[in-house]
Amino acid sequence: MANWMHKVAIVRSLNHRAGCHNTLPGYTGYEAMLPDITTTRDTYPPSMGSVCEFLRRGEADLPDYVYLPCYLGWGQAIRRPGPYAGFLGQRYDPSLLSAPPTRIQA
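This text gives an overview of the structure that appears in the document. All of these numbers come straight from a predicted model, not from anything done at the bench.

To continue, consider the overall build of the protein. Summing up its helical and strand segments, the protein has two helices and two strands in all. Put simply, the protein runs from its N terminus to its C terminus through helices and strands in the order α-α-β-β. Taking all 106 residues of the protein together, the buried fraction comes to 27%. If you take every contact in the protein between residues at least 6 apart in sequence, the share linking residues at least 24 apart comes to 60%. Counting only carbon and sulfur atoms, one obtains 55% of the accessible surface of the protein, whose full area is about 8200 Å².

The following block contains the structure:
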């Protein structure tokens, strides 16, 4: 990866006026509070990764947007809004890793 890091942007800081820890503002820039943060909707704005995939020109051998290690809310039986394509459609959702949640016994 070090050979091509000059072609990527790493975003490490983000700010929004929603005044919450909701995941949708962090991934999309949407600044309104959501009444429900335990579900995704097709009317929500798309994540930045989904917008980049939507704007890509031409076909690619690999997905443009991968979300690792798992979707938000994994292990809590909820799927939080944020990293998905929203109104752009599921075609632009990230490639996700999912696995059955397990508890580590101490």
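Turning our attention to the layout of surface pockets. By volume, the largest pocket is sized at about 430 Å³. Along its surface, the largest pocket is lined by ten residues, and Met5, Val8, Ala9, Ile10 and Val11 are the ones closest to its centre. Reported here for the second largest pocket is a volume of approximately 180 Å³. Forming the boundary of the second largest pocket are 15 residues, of which Thr40, Arg41, Tyr84, Gly86 and Asp93 lie nearest the centre. Of the residues belonging to the lining of the second largest pocket, the class tally is six nonpolar, five polar and four charged.

A surface patch of nonpolar side chains, amounting to about 530 Å² of accessible area, comprises Met1, Trp4, Met5, Val8 and Ile10. With respect to the helices and strands, Met1 occurs in the segment before helix 1 (23-28). Met1 sits in the exposed class, given a relative accessible area of 70%.

Before going further, it helps to spend a moment on helix 2 (residues 48-55). Residues Gly49, Ser50 and Glu53 constitute the buried set of helix 2. Down the axis of helix 2, the sector holding all buried residues measures 100°, keeping them to one side. Turned more than 90 degrees off the buried face of helix 2, the exposed positions are Cys52 and Leu55.

So, on to the packing of aromatic side chains. All told, the structure shown has two aromatic pairs when counted by the stated rule. Ring centres of Phe54 and Tyr92 lie 5.3 Å apart, and the angle between their planes is 80°; this geometry places the pair in the edge-to-face category. Note that Phe54 is positioned in helix 2 and Tyr92 in the loop between strand 1 (66-67) and strand 2 (95-96), a separation of 38 residues in sequence. Under the relative-accessibility criterion, Phe54 is labelled partly exposed at 42%.

What counts as what
- Residues numbered from 1 in each chain as written.
- Predicted model: local features only at pLDDT ≥ 70, side-chain atom pairs only at ≥ 80, totals over all residues.
- Heavy atoms only, no water.
- Helix = DSSP H or I, 4+ residues; strand = E, 2+ residues; numbered from the N terminus.
- Buried < 20%, exposed > 50% of the residue type's maximum accessible area, 1.4 Å probe, protein only.
- Contact = heavy atoms within 4.5 Å.
- Areas by Shrake-Rupley, 256 points an atom, 1.4 Å probe, with all protein chains shown as cover.
- 1 Å grid on protein atoms, 1.4 Å probe; cavity = no way out; pocket = protein on both sides within 12 Å on 5 of 7 lines; lining within 4 Å.
- Points joined across faces, edges and corners; volume = space filled by probe spheres on them.
- Nonpolar A, V, L, I, M, F, W, Y, C, P; charged D, E, K, R; others polar.
- Patch = residues over 30% accessible without salt bridge, like charges linked within 9 Å, V, L, I, M, F, W, Y side chains within 5 Å.
- Salt bridge = Lys/Arg side-chain N within 4 Å of Asp/Glu carboxyl O.
- Arc of directions from axis to C-beta.
- Phe/Tyr/Trp six-rings, centres within 6.5 Å; stacked < 30°, edge-to-face > 60°.

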